[in-house]
Amino acid sequence: MSLVLLLTPLALTLSFLTNLQTFLLCASFLILAFLYSIPKIYLKKRFVAKPTVAALGGAISNLIGGAAVGKIPPSLFYAACLFFMFTFVGSPIFDLIDIEGDREKGAKTFSVVLGPTLTIKLGVAILLSFSITTILIYPLLGLKIVAPVLITSSILFFSWASFSLLKNWQDPKCCAGAYRKIFISFFTAQSAVFLGVL
């Protein structure tokens with residue numbers, strides 16, 4: 001913790017020296033990180049807040065690079081949205097294995113509040129909707145056809161891996177296998193944006 005407190009002013013100083021946009025994004029990222037973990041606020045235990053904060057942090061990290069060079073093109077903004085959606089949906093699914101522990105701690109995660117089945121189905125529905133949106137708007141983002149093809153394939157792979165947990169979410173071995181597939185789908189989707197702008 002002391003190392004974090006030591007490096008935080010340095011990170012903010014360097015980002016401020018880069019430009020104002022980078023500074024504001026870095027400051028937002030750090031504020032979210034502290035709110036996520038500070039015991040009195042502890043957004044990590046609050047319903048909707050946990051996946052939202054984690055997803056926002058990932059989205060902001062995507063944007064910081066563009067801000068640092070003074071340009072956030074539509075494709076980069078889309079990459080941030082993609083990161084947000086995968087993290088927002090994936091985080092509650094990764095929480096399934098810890099549902100009993102979260103209940104005991106009083107953590108109001110999606111899986112605790114909505115239950116495993118609805119958590120999985122809602123997450124898959126959100127990502128499939130995002131996939132349809134991608135197919136419709138990818139030319140406006142300056143992406144080549146390879147991007148929506150790979151992203152849609154990744155989301156379908158994600159959906160298949162998630163649905164495999166509907167009856168096996170309490171099985172650690174099944175969860176581990178599904179989580180590996182979800183990680184693969186996530187990194188494939190992120191890579192698809194990079195390939196789409198080449």
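Whatever comes next refers back to the structure up there.
Structure report, in brief.

Reading guide: rules and limits
Residues numbered from 1 in each chain as written. Predicted model: local features only at pLDDT ≥ 70, side-chain atom pairs only at ≥ 80, totals over all residues. Heavy atoms only, no water. Helix = DSSP H or I, 4+ residues; strand = E, 2+ residues; numbered from the N terminus. Rg over C-alpha atoms; globule rule 2.2 N^0.38 Å. Buried < 20%, exposed > 50% of the residue type's maximum accessible area, 1.4 Å probe, protein only. Areas by Shrake-Rupley, 256 points an atom, 1.4 Å probe, with all protein chains shown as cover. Patch = residues over 30% accessible without salt bridge, like charges linked within 9 Å, V, L, I, M, F, W, Y side chains within 5 Å. Salt bridge = Lys/Arg side-chain N within 4 Å of Asp/Glu carboxyl O. Contact = heavy atoms within 4.5 Å. Expected span 1.5 Å × (residues − 1). Axes fitted to C-alpha atoms, helices over the stretch in contact; angles between N-to-C directions. Parallel < 35°, antiparallel > 145°, perpendicular 65-115°, else oblique. Nonpolar A, V, L, I, M, F, W, Y, C, P; charged D, E, K, R; others polar. Core = buried A, V, L, I, M, F, W, Y, C linked by side-chain atoms within 4.5 Å. Phe/Tyr/Trp six-rings, centres within 6.5 Å; stacked < 30°, edge-to-face > 60°.

**Description of the overall build of the protein chain**
Here is step 1: Counting secondary structure elements, the protein chain contains 9 helices and 0 strands.
Here is step 2: When its helices and strands are written in sequence order, the protein chain yields α-α-α-α-α-α-α-α-α.
Here is step 3: Taking 2.2 N^0.38 as the reference for a compact globule, 198 residues should give roughly 16 Å; the C-alpha atoms of the protein chain span a radius of gyration of 18 Å, in line with that estimate.
Here is step 4: The principal-axis extents of the C-alpha atoms in the protein chain amount to approximately 50 × 45 × 25 Å.
Here is step 5: A buried classification covers 43% of the 198 residues belonging to the protein chain.
Here is step 6: Surface accessibility of the protein chain: about 10700 Å² in total, with carbon and sulfur atoms responsible for 73%.

**Overview of a nonpolar patch on the surface**
Here is step 1: Side chains of Leu3, Leu6, Leu7, Leu10, Leu14, Phe16, Leu17, Leu20 and Leu24 sit close together on the surface and give an oily, nonpolar patch of about 960 Å² of accessible area.
Here is step 2: Elements supplying a minimum of two residues to the nonpolar patch: α1 (2-18) and α2 (20-37).
Here is step 3: At 7 residues, α1 tops the list of elements feeding residues into the nonpolar patch.
Here is step 4: With respect to the element layout, leucine 3 can be found in helix α1.

**Focus: the side chain of serine 131**
Here is step 1: Summarising the element assignment, serine 131 is placed in helix α7 (residues 116-137).
Here is step 2: Beyond its immediate chain neighbours, meaning those up to four positions away, serine 131 contacts Thr152 and Ile155.

**Quick look at helix α8 (residues 146-163)**
Here is step 1: The end-to-end C-alpha distance of α8, which contains 18 residues, comes to 26 Å, matching closely the 26 Å that a straight helix rising 1.5 Å per residue would cover.
Here is step 2: Residues of α8 that are buried include every one of Ala147, Pro148, Ile151, Thr152, Ser154, Ile155, Phe158, Ser159, Ala161 and Ser162, and no others.
Here is step 3: At its buried positions, α8 is contacted by α4 (74-94), α7 and α9 (172-197).

**What to know about the packing of α4 against α9**
Here is step 1: In the contact formed by α4 and α9, the axes pass within 10 Å of each other and the chain directions differ by 175°. As summarised for this structure, α4 and α9 are arranged roughly antiparallel, according to the angle between their axes. In this structure, α4 contributes Ser75, Tyr78, Ala79, Leu82, Phe83, Phe86, Thr87, Ile93 and Phe94 to the contact, and α9 contributes Tyr179, Ile182, Phe183, Ser185, Phe186, Ala189, Gln190, Val193 and Val197.
Here is step 2: Tallied by class, the residues present in the contact of α4 with α9 amount to 14 nonpolar, 4 polar and no charged.

**Thoughts on the nonpolar core**
Here is step 1: Formed by 35 residues in total, the largest nonpolar core has its most connected members in Tyr78, Leu82, Phe86, Ile93, Ile151 and Leu165.
Here is step 2: Of all the secondary-structure elements, those providing two or more residues to this core are α4, α7, α8 and α9.
Here is step 3: Looking at which element gives the most residues to this core, the answer is α4, with 9 residues.
Here is step 4: Those residues in contact with isoleucine 151 that lie beyond four places of it in its chain are Tyr78, Leu82, Thr134, Ala189, Ala192 and Val193.
Here is step 5: In this structure, Leu32, Tyr36, Ile64 and Ala80 belong to the second largest nonpolar core, which totals 14 residues.

**As for the packing of aromatic side chains**
Here is step 1: Under the definition given, this model contains 12 aromatic pairs.
Here is step 2: With centroids separated by 5.7 Å and ring planes inclined at 65°, the aromatic side chains of phenylalanine 86 and phenylalanine 186 adopt a geometry described as edge-to-face. Pair noted here: phenylalanine 86 is in helix α4 and phenylalanine 186 is in helix α9, with a separation of 100 residues, a long-range link.
Here is step 3: Assessed through its relative accessible area of 3%, phenylalanine 86 is described here as buried.
Here is step 4: Overall, the relative accessible area of 14% leaves phenylalanine 186 in the buried class.

**Concerning the pattern of salt bridges**
Here is step 1: This model, assessed by the stated rule, comprises 2 salt bridges.
Here is step 2: Notably, a salt bridge pairs aspartate 95 with lysine 50, separated by 3.1 Å at the nearest N-O pair. On the criterion of sequence distance, the pair formed by aspartate 95 in the loop between α4 and α5 (99-105) and lysine 50 in helix α3 (residues 49-68) is long-range, its members being 45 residues apart. With respect to burial, aspartate 95 and lysine 50 carry one shared label: buried.
Here is step 3: Here glutamate 100 and arginine 103 are joined by a salt bridge, their closest N and O atoms 2.9 Å apart. In this pair, glutamate 100 and arginine 103 are both assigned in helix α5, 3 residues apart and thus about one turn of the helix distant.
Here is step 4: You can call arginine 103 partly exposed: its relative accessible area is 42%.

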